[in-house]
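Residue strings, one per chain:
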Amino acid sequence: MTFWRIMLPPALLNYFQRQRQRFTGADCGALFPGVSISILPMIGLYAWLGCRLTEGITMRAGK
């Protein structure tokens, strides 16, 4: 057997167990508004840049 076949499954199991312990006690009621507030400016920027990019492409296509 190779080294990765022996060591990888226990390492992944350990990683997933640690992640489960870490997020089990998360306060989702406080986490959701914080994530929403941090994502809203990115969505606005994406929408604004998307319109500008589309206008620029169509303007260049007409030349």
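Let me begin by describing the structure that accompanies this report. Along each chain, residues carry numbers from 1 onward, in the same order as the chain's sequence is written. Residue-level local features of this predicted model are given only where pLDDT is at least 70; pairs of side-chain atoms are given and counted only at 80 or more, and the full residue set underlies all totals for whole chains, interfaces and linings. Side-chain numbers here rest on the full set of heavy atoms in the structure, without hydrogens or water.

Let's talk about the overall build of the protein chain
Note on conventions: DSSP H or I runs of at least 4 residues are helices, E runs of at least 2 residues are strands, and numbering of each starts at the N terminus. When you go through the protein chain residue by residue, the secondary structure sums to two helices and zero strands. The classification of residues rests on relative accessible area computed with a 1.4 Å probe and restricted to protein chains. Under 20% of the type maximum is buried, over 50% is exposed, and intermediate values are partly exposed. Across the 63 residues of the protein chain, 0% fall into the buried class. Using a 1.4 Å probe, the Shrake-Rupley method yields the accessible areas, and only the shown protein chains count as cover for residues. In the form shown here, the protein chain has an accessible surface area of approximately 6,200 Å², with 71% of it arising from carbon and sulfur atoms.

A word on the environment of Ser-38
Along the polypeptide, Ser-38 turns up in helix H2 (residues 28-61). What makes Ser-38 partly exposed here is its relative accessible area of 48%.

Section: a nonpolar patch on the surface
The grouping of Leu-31, Val-35, Ile-39, Leu-40 and Ile-43 at the surface amounts to a nonpolar patch, some 450 Å² of accessible area in total. As for its placement among the helices and strands, Leu-31 is situated in helix H2. Like-charged residues are merged into a patch within 9 Å and nonpolar side chains (Val, Leu, Ile, Met, Phe, Trp, Tyr) within 5 Å, provided each residue has over 30% relative accessible area and no salt bridge. In the sections that follow, a salt bridge refers to a side-chain nitrogen of Lys or Arg positioned within 4 Å of a carboxyl oxygen of Asp or Glu.

Here we look at H2
Expected helix span is taken as 1.5 Å per residue step, with the number of steps being one fewer than the number of residues. Between its first and last C-alpha, H2 extends 48 Å over 34 residues, near the 50 Å set by a 1.5 Å rise per residue. Two axes enter the bend calculation: one fitted to the seven residues ending at the residue in question, the other to the seven starting there, and the bend is the angle between them. In the structure, H2 departs most strongly from a straight axis at Ile-39, where the bend amounts to approximately 25° and where the proline Pro-41 lies between one and four residues downstream.

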